[in-house]
Amino acid sequence: MTAETGNSVDASLLAVDDQPEIGQALKLLLRRQGWSVTLAQSPAEALKRLKEQDFDLVLADLNYTRDTTSGREGLALIEAIADGHPNLPVVAMTAWGSVDIAVTALKSGAVDFIEKPWENTRLVNIVRTQIERARARNDQQRYRELVRLQRSSEGIIAESQAMRRILKMVERVAPTTATVLITGENGVGKEVIADMLHRHSPRAEQPFVAINMGSVPEELFESEMFGHERGAFTDAHQARAGRFELADGGTLFLDEIGNLPAAQQAKLLRVLETGHIERVGGSRERQVDVRVIAATNADLPAEVEAGRFRRDLYFRLNTIEIAIPPLRERVDDIVPLAQYFLDRHGARHGRALRLDEQALTALKRHHWPGNVRELSHVIERGVLLSHGELIDTDQLGLAGPAPDGNSAADLVMPLEEAEKLLIKNALKRYEGDAEKAAEALGLSRSAFYRRMQKHGVGGDGKDKA
């Protein structure tokens, strides 16, 4: 009897049988269902194929030339697949029709059993059913892991499709040793993602060491990163381990990697390539096992083209890139994030509060130059300044919708004027606290002060006389 074609499931199958004519018959039958089929004539060849390629299912004969009665070789293959590929379904085949062998095959890890000569429709239905079941199990496992990641990840809200894609990427990348480059504007949560990658990796019980590369003085770079021996320089009164040693066995997070000067880039590249460090004043190299995660708000490809960032270091860091979009591009996350911060800050300050409708509208309309970090500050301000149970736009420091229905972010004005307005609004919102205003705008304090001076804006956010 011939099985029907038109199968809806694309799949890649491995068929293992020492008789070439049996293998070809399987291939012809299964290819008519739209499945791709790879043949192997021995358990050893099958295991080799499994190392080279991913399959959705294995059809494995139990009896081979050297042992045509006991099924020992076939059972050993099923056990090996169950150990090395626990999510890969195996359907066992035998010409001997032994109930004992069938039961043993199922105990060894096979998901089903079929006798030879087979009935075509039955074989095809078994294969289709087991592929669909395996995929459903894998999807369920991935979903459970994704939910676990979400629930255990402080500050990560994934209502938007963009953030859901990022969490799925974290799920795939975390268990590996790949170097990861996290990109995105200031305040989007790059360190939170780096921490997730570490906590869901095999290194989770080992150290997670973070350092802001822009804050390390050039003259102290080697000491800070690689350590120093006692007496290496004037103030080296005792030996000190550097960040690479402190992170040995774990993860080293290099934040703001785009701020690293050229001379230090070469030193970092050497360690990434060799896995060896040498303390300042030392005479021997030390081997370190460190997974590196880097982050930047800079456009590194542009920095490479401009000659300010080494191309070889960029490629070394950029094995996997996770680009986090700004908050204004994932509007679906704004209200859930606001509620998260409202619960957190409210609990800390002993307040049970809600956001009124205008406040929610203002939150969704705001441009969020400081991203999630700015949102946290805005909600905390609302918690502190609210008088009743509701927080309104004034307490958040956000203007409501403009009369024509547009927000300030939608208005068109000269860039100079827009920059001045942003600086004045940030100072007003943070009541003259230049450090918080600078952080919300993604600027260093010195850069913020330069812009204040450039536009003639005082510490109160008003124009200077």
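Reading the values: the criteria
Residues numbered from 1 in each chain as written. Predicted model: local features only at pLDDT ≥ 70, side-chain atom pairs only at ≥ 80, totals over all residues. Heavy atoms only, no water. Buried < 20%, exposed > 50% of the residue type's maximum accessible area, 1.4 Å probe, protein only. Helix = DSSP H or I, 4+ residues; strand = E, 2+ residues; numbered from the N terminus. Pairing = 2+ DSSP bridges. pLDDT = per-residue confidence, 0-100. Contact = heavy atoms within 4.5 Å. Axes fitted to C-alpha atoms, helices over the stretch in contact; angles between N-to-C directions. Patch = residues over 30% accessible without salt bridge, like charges linked within 9 Å, V, L, I, M, F, W, Y side chains within 5 Å. Areas by Shrake-Rupley, 256 points an atom, 1.4 Å probe, with all protein chains shown as cover. Salt bridge = Lys/Arg side-chain N within 4 Å of Asp/Glu carboxyl O. Lys, Arg positive; Asp, Glu negative; His and termini not counted. Charge placed at Lys NZ, Arg CZ, Asp CG, Glu CD. Parallel < 35°, antiparallel > 145°, perpendicular 65-115°, else oblique. Left-handed = near helix turned anticlockwise from the far one by under 90°. Expected span 1.5 Å × (residues − 1). Arc of directions from axis to C-beta.

Undergrad: Give a detailed account of the pairing of strand 7 (residues 208-212), specifying residues and quantitative values.
TA: Look at any regular strand and the pattern is simple: side chains alternate between the two faces of the sheet. The two faces of strand 7 differ: Val 209 and Ile 211 on one face are buried, but Phe 208, Ala 210 and Asn 212 on the other face are not. Of the pairings in the sheet, the one linking strand 7 to strand 10 (residues 251-255) comprises five bridges and is parallel in character. Within strand 10, the residue paired with Phe 208 across the bridge is Thr 251.

Undergrad: Tell me about the confidence of the model for the chain, and name the residues and values.
TA: Averaged over the chain, the pLDDT score is 84; the fraction of residues at 70 or greater is 87%. Below pLDDT 50 for its whole length, residues 1-8 participates in 18 contacts with residues either more than four positions away or in separate chains. Low confidence marks residues 400-412, where pLDDT is under 50. Its contacts with residues over four positions away, or in another chain, come to nine contacts.

Undergrad: Tell me about the sheet that holds strand 2 (residues 36-40), residues and numbers included.
TA: In space, the five strands of this open sheet follow the order 2-1-3-4-5, with parallel pairing throughout. The open sheet has two edge strands, strand 2 and strand 5 (112-115), and neither has a second partner. Pairwise comparison of adjacent strand axes, ignoring direction, gives a mean angle of 20° for this sheet.

Undergrad: Explain a positive patch on the surface residue by residue, including any values.
TA: A contiguous patch of positive charge on the surface is contributed by Arg 164, Arg 165, Lys 168 and Arg 172. One can find Arg 165 in helix 6 (residues 161-173). Classification of Arg 165 as exposed rests on a relative accessible area of 54%.

Undergrad: Requested: an account of the environment of Asp 255, with residues and values cited.
TA: Structurally, the position occupied by Asp 255 is in strand 10. Along the chain, Asp 255 and Gly 214 lie 41 residues apart, while their C-alpha atoms are 8.0 Å from each other. With near-sequence residues (within four places) excluded, Asp 255 lies in contact with Lys 190, Ile 211, Asn 212, Met 213, Gly 214 and Ala 295.

Undergrad: If you had to explain the pattern of salt bridges to someone new, which residues and values would you point to?
TA: Side chains that differ in sign of charge can pair as their charged atoms come close. Tallied over the full model, the rule gives 22 salt bridges. For Lys 116, the salt bridge is made with Asp 17, and the minimal N-O distance between the two is 2.8 Å. With Lys 116 in the loop between strand 5 and helix 5 (120-151) and Asp 17 in the loop between strand 1 (12-16) and helix 1 (20-31), this residue pair connects regions lying 99 residues apart in the sequence. Look at Lys 116 and you get buried, because its relative accessible area is 12%. A salt bridge links Lys 116 to Asp 61, with the shortest nitrogen-to-oxygen separation between them at 3.3 Å. Of the two residues, Lys 116 is situated in the loop between strand 5 and helix 5 and Asp 61 in strand 3 (residues 57-61); the sequence distance between them amounts to 55 residues. In this structure, Lys 116 and Asp 61 share a single accessibility class: buried. Where salt bridges share partners, they join Glu 45, Lys 48, Arg 49 and Glu 52 into one cluster.

Undergrad: Describe in detail the packing of helix 2 (residues 43-52) against helix 3 (residues 72-84), supporting the description with residues and values.
TA: Contact geometry for helix 2 and helix 3: axes closest at 10 Å, N-to-C directions at 15°. The orientation of helix 2 relative to helix 3 falls into the category roughly parallel. Where helix 2 crosses over helix 3, the two elements pack in a sense that is right-handed. Between helix 2 and helix 3, the residues in contact are Pro 43, Ala 46, Leu 47 and Leu 50 and Glu 73, Leu 77, Ala 80 and Ile 81, respectively.

Undergrad: Can you lay out the sheet that holds strand 6 (residues 180-183) for me, pointing to particular residues and giving the numbers?
TA: Strand order across the open sheet formed by five strands is 7-10-13-6-14, with parallel pairing between neighbours. If you trace the sheet from one side to the other, it starts and ends with strand 7 and strand 14 (320-323), each paired once. Across the sheet, the mean angle separating the axes of adjacent strands is 20° when strand polarity is ignored. Its contacts with the sheet place helix 6 against strand 6, strand 13 (291-296) and strand 14, and it is angled at close to 155° to strand 14.

Undergrad: Which residues make up helix 10 (residues 262-274), and what values go with them?
TA: Taking 1.5 Å per residue, 13 residues should reach 18 Å; helix 10 reaches 19 Å between its end C-alpha atoms and fits that length. By the burial criterion, the buried members of helix 10 are Gln 264, Gln 265, Leu 268, Leu 269, Val 271 and Leu 272. Down the axis of helix 10, the buried side of the element spans an arc of 165°, and every buried residue falls inside it. Against helix 8 (221-226), helix 9 (243-246), strand 10, strand 11 (276-277), strand 13 and helix 12 (311-317) lie the buried residues of helix 10.

Undergrad: Give me helix 13 (residues 334-349): which residues, what numbers.
TA: The end-to-end C-alpha distance of helix 13, which contains 16 residues, comes to 22 Å, matching closely the 22 Å that a straight helix rising 1.5 Å per residue would cover. Among all positions in helix 13, only Ile 334, Leu 337, Ala 338, Phe 341, Leu 342, His 345 and Gly 346 are buried. Considered in projection along helix 13, the buried side chains sweep an arc of 155° and stay on one side of the axis. Where the residues of helix 13 are buried, they touch strand 15 (354-355), helix 14 (357-365), helix 15 (371-385) and strand 16 (390-391). Positive backbone phi, approximately 70°, marks Gly 350, located one or two places after helix 13.

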